[in-house]
Structures are given as C-alpha cells and as structure tokens.
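Examination of the molecular architecture
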Amino acid sequence: MEKFRVGIIGCGGIAHSHMRAYTRRDDIEYVAFCDIVPGKAEAFAKEFGIEGAKIYTSHEEMLDKEQFDGVSVCTYNRQHAAPTIYALNKGVNVILEKPFAVTLDEAVEMRKAEKASGKILTVGFQPRFDKNMQQIKKIVESGELGRVYYIQTGGGRRRGIPAYTESFIKDDTAGVGALGDIGCYSLDMVLNAIGYPTPLTVSGFKTDFFGKDPETFRHRYGNPEHLAEIFSVDDFAGAIIRLEGGIVLDFRISWAMNMNTPGDTIILGTKAGLRIPSTDCWNGTVGGPMTVYRDCAGQSIEYQIPILKDGPKDGDLWDRKVGSFIKAVREGGTAPVPTSQIIKNQAIIDGIVRSSALGREVEITIPEV
Ligand SMILES: NC(=O)c1ccc[n+]([C@@H]2O[C@H](COP(=O)([O-])OP(=O)(O)OC[C@H]3O[C@@H](n4cnc5c(N)ncnc54)[C@H](O)[C@@H]3O)[C@@H](O)[C@H]2O)c1
C-alpha cells in the first residue's frame, strides 16, 4: 500500500496523541512538522525518532513547499482556522483538533474552504469512536425513548483548569475556556445522539471566578499569581438552548466549581428517559452504566445499559480517530466527524458567548455554505 504522507501543524501537547496513533501504523510517511516556536517541531520529530522529515516554523511555507495526503492541525483554538483554510486551499485533507473554532464566523470560513476544495475536513472528537458513546445514539435511534423533548447535559470538573499550558487559559490563544474545551464534547454527545437538530436560540452565561483567583492554582501549578493574572477565558458556562423540533437543551460545563458534578446527562423522551452518568471530561467515554427509566403495565421500571468494553484488536480512541481520517481519504469517503454537524455545535458555543456578553437570549443563524 502507498504510504500516507502526513504533516503536523502545531507540535504541542495533543500533537503527541496524533503522533502516537500515526506511529502505531506502518503506512505513514512523515513529510514535515511545523511549529511557530523555533526548535519545537525539530525536538518533536526527534522525540519520535523521525528522521528526514522537513521542519518549518510557518504553516504557509510548509504547505507551499511539500506534498501531503493529510495534515493534523493541532494548534491552539485561535489558530485552528488559518492553517486549516490554507491546507484546504492547497488541496490537502485535514484532521483538525476540537473545538472546531472559537467563533461561528471562523467555522463558516473553514466550511467554505472545505467545500471549494472538495477535500476532507474532519473535526477531532475522539469520543465519537467510543462504543458507549455510540450506544447512546443507538438507543435514541431505536425509538426506545420515544420522542425526545428535553435534554440536560453537563460535565466537568471540581478543580481542573488545564493550566499546564498557558495556551488553554489565555484569550489570545484559546479564545474560549471550559465552554469550548470540554463543552464541545458534552454538546456533541447529545446532539449527535439526536441527529444534530439546528439550534434556534440560546440564553447563556459564562464565569471566570476560579481562573481569576490565585488560590485555584496554588497547590497545583507554580506561579499562581501569574496564572490568575493571565487567565482570560471562562471556567464555567451554562445555557438553555432551543433546538428545532421543539427540543430544549439545558447545558452546563465546568473547569472549576464547588460541587462534585454539575449533574448527569438526562435525555427525556415520551416513552422513556435515559440517564448518562456525568464525567469530568478528561477522557472520551460515559461516566458509568447508563439507566433507562420507563413505565411497564402501570409500574415504573428501570434497567441498566452495561458498559461496553473494547476488544483486543480495537485500538484506542486515537487509533480510531486518526484511522477513520486516513480511511476516508484513501477510499474517497466522507469526513468521519463532518463539519455540517459540528458547525451547529460551534454555533451554540458562539451563541453562549454572545448571549453572555449581552445578558439576554440571542438567536442563532447559521449561514448556508
Ligand atoms: N482531542 C483531545 O483530547 C484534546 C486534548 C487536548 C487538547 N486538544 C486541542 O488541541 C489543540 C492544541 O492543544 P495543546 O494542548 O496541544 O496546546 P499546546 O499549546 O500544547 O500546543 C499548540 C501548539 O501549536 C503551536 N502553534 C500555534 N499556532 C501555530 C501555527 N499557525 N502554526 C504552527 N504551530 C502553531 C504552538 O506554538 C504550540 O506549540 C487545542 O485546540 C485543544 O483544544 C484536544
């Protein structure tokens, strides 16, 4: 089989997960690595023992000079759009890290470039490849719940601001905090399960009480005063979102709060309800066995959906995420996690930011691409 020619743009934390998945395969040619920080891409290539690959500090130069079948865009959120659009314009397929973008406008521009190029742009939601996550969608699609009309989804952490890299907590690099970082997962879990209905309105808010407080960082990271000083994104967000089809979505997400959980995810349908135990969103699965609640001949009953385990040949979520991208490119398929869906996820995040700034409900309009 011909080698799949890969490039990595952004050689920070998560690029390691992409590389580990690539290096577990035997069909990859490493063409080039790029990071704007001089020396970083070179050190990254060395860490993985890759010889002969080109090293760049500019994604434009790398994409102008080299030929790729696909690139992993692993830059911080504010730098998702520029390299992705540049790569697509060069006819290169892209696997982009989550969240899709910071703003809806950026996501629309990426969709336009994707459409004009005819290439694949897939968004890196590895929980999509988790069997238990997939089970949620199967349960909804089976009709077991009847008509879904209300969803509460929440997840997040009691103390878990990812300040190990400053790029997560600064507005000029991350753009959004917990809302984008892990909120996008909670939203994807439930929106994907119900077929990604279009969001219509959102009333949302976000806060930064913990990120702005040095005490939050004191026993976890060095230089807590500095981290609190530069913290310029949200650490908690919530919203009521109206979706087409009369479905209401009640959402909350946390990097830090004085509570053990912001609540389980519940999906209420006319025939049954599904409870999905909340997680702290450090990984890509559900927080334990799910429970279905329903009536049977006049009695309230409930039963559990057992946790599904991976088989020895399944690989991990990253093998499946990266593998699905390569397979789609090789076979001329479609994006495994398509932007036609994730634009709705992004529109909600964008709507929460706007609503929070205005202090009132806002309408969501997603431009046709
Ligand atoms: N899927 C997951 O589980 C997961 C986990 C962590 C992070 N992420 C996502 O991955 C992205 C990166 O996170 P991270 O933890 O690796 O951050 P990071 O700060 O460790 O790495 C980002 C790197 O991108 C580089 N960079 C920025 N703009 C660039 C450009 N135009 N060209 C080349 N390099 C550029 C930076 O110098 C930095 O080295 C974020 O969007 C984050 O949300 C996903």
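Up top is the structure these notes are about.
A brief look at the structure comes next. (Residues numbered from 1 in each chain as written. Predicted model: local features only at pLDDT ≥ 70, side-chain atom pairs only at ≥ 80, totals over all residues.)

What follows is about the site of the ligand. Neighbouring residues of the ligand: 27 residues in total, closest G10, G12, G13, Q79 and S167. Broken down by class, the residue content of the shell around the ligand amounts to 11 nonpolar, 11 polar and five charged. Looking at the shell around the ligand, you find at least three residues from each of domain 1 (4–127 + 315–337) and domain 2 (130–311 + 348–358). (Near = placed C-beta within 6 Å. Nonpolar A, V, L, I, M, F, W, Y, C, P; charged D, E, K, R; others polar. Domains from an automatic or database assignment.)

What follows deals with helix α6 (residues 131–141). Along α6, the positions that sit buried rather than exposed are N132, M133, I136, I139 and V140. Burial along α6 is one-sided: seen end-on, the buried residues are contained in an arc of 115 degrees. Along α6, exposed side chains directed more than 90 degrees from the buried face belong to K138 and E141. On its buried face, α6 is in contact with β7 (148–156), α8 (183–193), β11 (265–269) and β12 (272–276). One or two steps after α6, the chain reaches G143, where phi turns positive at roughly 90 degrees. (Buried ≥ 20, exposed ≤ 12 C-beta atoms within 10 Å, placed from the backbone. Helix = DSSP H or I, 4+ residues; strand = E, 2+ residues; numbered from the N terminus. Arc of directions from axis to C-beta. Contact = placed C-beta atoms within 7 Å.)

With that settled, consider helix α5 (residues 104–117). Between its terminal C-alpha atoms α5 stretches 20 Å, which fits the 20 Å expected from 14 residues at 1.5 Å a residue. Among the residues making up α5, those that are buried are L104, E106, A107, V108, M110, R111, A113 and E114. Contacts from the buried residues of α5 go to α4 (81–89), β6 (121–124) and α12 (339–358). Phi turns positive one or two residues past the end of α5, at G118, with a value near 70 degrees. (Expected span 1.5 Å × (residues − 1).)

All right, on to the pairing of strand β4 (residues 70–73) then. Side chains G70 and S72 of β4 all project onto a buried face; the interleaved residues V71 and V73 project onto the opposite face, where all are buried too. With four bridges joining them, strand β1 (residues 4–9) and β4 adopt parallel strand pairing. Within β4, the position partnered with I8 by the bridge is S72. The pairing of β4 with strand β5 (residues 93–97) spans four bridges and is parallel. Paired with V73 across the strands is L96, a residue of β5. Handedness of the crossover is the feature at issue here: the chain leaves β4, passes through α4, returns alongside β5, and the resulting connection is right-handed. (Pairing = 2+ DSSP bridges. Right-handed = clockwise from strand over helix to strand, strands pointing away.)

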